[in-house]
Amino acid sequence: GGHEPAPFKRSNKSNQRLCFSTHVVNNIIFDFDGTLFDSSEGIYEAYALSCDAVKATRLTKVDFIQHIGPPIVSIAQKLHADLSHDQLVEFVHCFRLHYDRHLYLKSHPYQDVYKLLAYLYACDSFNVIGVVTNKPTIPASRLLSNYNLSNFFDMIVGIDFLSTTHSGERFASK
């Protein structure tokens with residue numbers, strides 16, 4: 001079906017906290033790939049293009065997707081340990097070139113993610129609901145926005161945040 005309408009703005013935070021057993025939860029931080037979104041198609045296509053660029057033998061999609069999660073440089077080092085430093089740099093550059101420009105758009109939220117986020121957002125029990133991802137911040141933010149999910153989050157932190165100062169130029173926060 002179509003996309004749900006944009007969520008409403010949370011009211012002032014209350015003193016209530018969602019409790020699990022004896023633990024009080026004040027913040028919720030989600031991983032992006034494999035938790036909120038299925039990004040496997042675009043990630044695999046960028047991986048395959050990168051393998052072709054450095055003439056490495058690629059894994060099948062079925063075999064590759066079980067390795068999705070860590071940064072692409074770590075995946076490449078693990079799956080293609082025989083790559084030289086220059087080949088590894090080219091591999092990562094090729095991956096980022098294709099994935100960050102257009103293949104990230106092949107990602108989509110898992111079923112019922114909107115409903116879960118709407119519930120958590122509406123219960124008004126959290127100081128922060130955020131996303132942390134190995135994707136750069138801008139593509140992650142665009143995907144969340146494309147599916148009307150960005151308003152559920154107080155912050156979106158991409159892997160590029162690690163290489164910036166805390167001025168937050170690449171840190172999407174509301």
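Residues numbered from 1 in each chain as written. Predicted model: local features only at pLDDT ≥ 70, side-chain atom pairs only at ≥ 80, totals over all residues. Heavy atoms only, no water.

(A) Up close: unusual backbone geometry. A positive phi is found at D112, a non-glycine position, where the angle reads about 70°. Following the sequence through the fold, D112 ends up in the loop between β5 (108-109) and α5 (113-122). With a relative accessible area of 41%, D112 lands in the partly exposed category. Even without being a glycine, N148 presents a positive backbone phi close to 55°. Looking at the secondary structure, you find N148 in the loop between α6 (137-146) and β7 (155-157). (Helix = DSSP H or I, 4+ residues; strand = E, 2+ residues; numbered from the N terminus. Buried < 20%, exposed > 50% of the residue type's maximum accessible area, 1.4 Å probe, protein only.)

(B) Examining the state of the cysteines more closely. In this structure the tally under the stated criterion is zero disulfides. Of all cysteine sulfurs in the structure, the one in C51 sits closest to C94, which takes part in no disulfide; the separation is 9.2 Å. (Disulfide = S-S within 2.5 Å.)

(C) Structural detail: the packing of helix α1 (residues 40-54) against helix α4 (residues 85-101). At a minimum axis distance of 8 Å, the contact between α1 and α4 shows a crossing angle of 140°. In this view, α1 runs oblique relative to α4, as classed from their interaxial angle. Both α1 and α4 take part in a crossing whose hand is right-handed. When α1 is examined against α4, the residues G42, I43, A46, Y47, L49, S50, C51, A53 and V54 are found in contact with a partner set consisting of Q87, E90, F91, C94, F95, H98 and Y99. A per-class count over the contact of α1 with α4 returns 11 nonpolar, four polar and one charged. (Axes fitted to C-alpha atoms, helices over the stretch in contact; angles between N-to-C directions. Parallel < 35°, antiparallel > 145°, perpendicular 65-115°, else oblique. Left-handed = near helix turned anticlockwise from the far one by under 90°. Contact = heavy atoms within 4.5 Å. Nonpolar A, V, L, I, M, F, W, Y, C, P; charged D, E, K, R; others polar.)

Interpretation in functional terms is not warranted from these geometric data alone.
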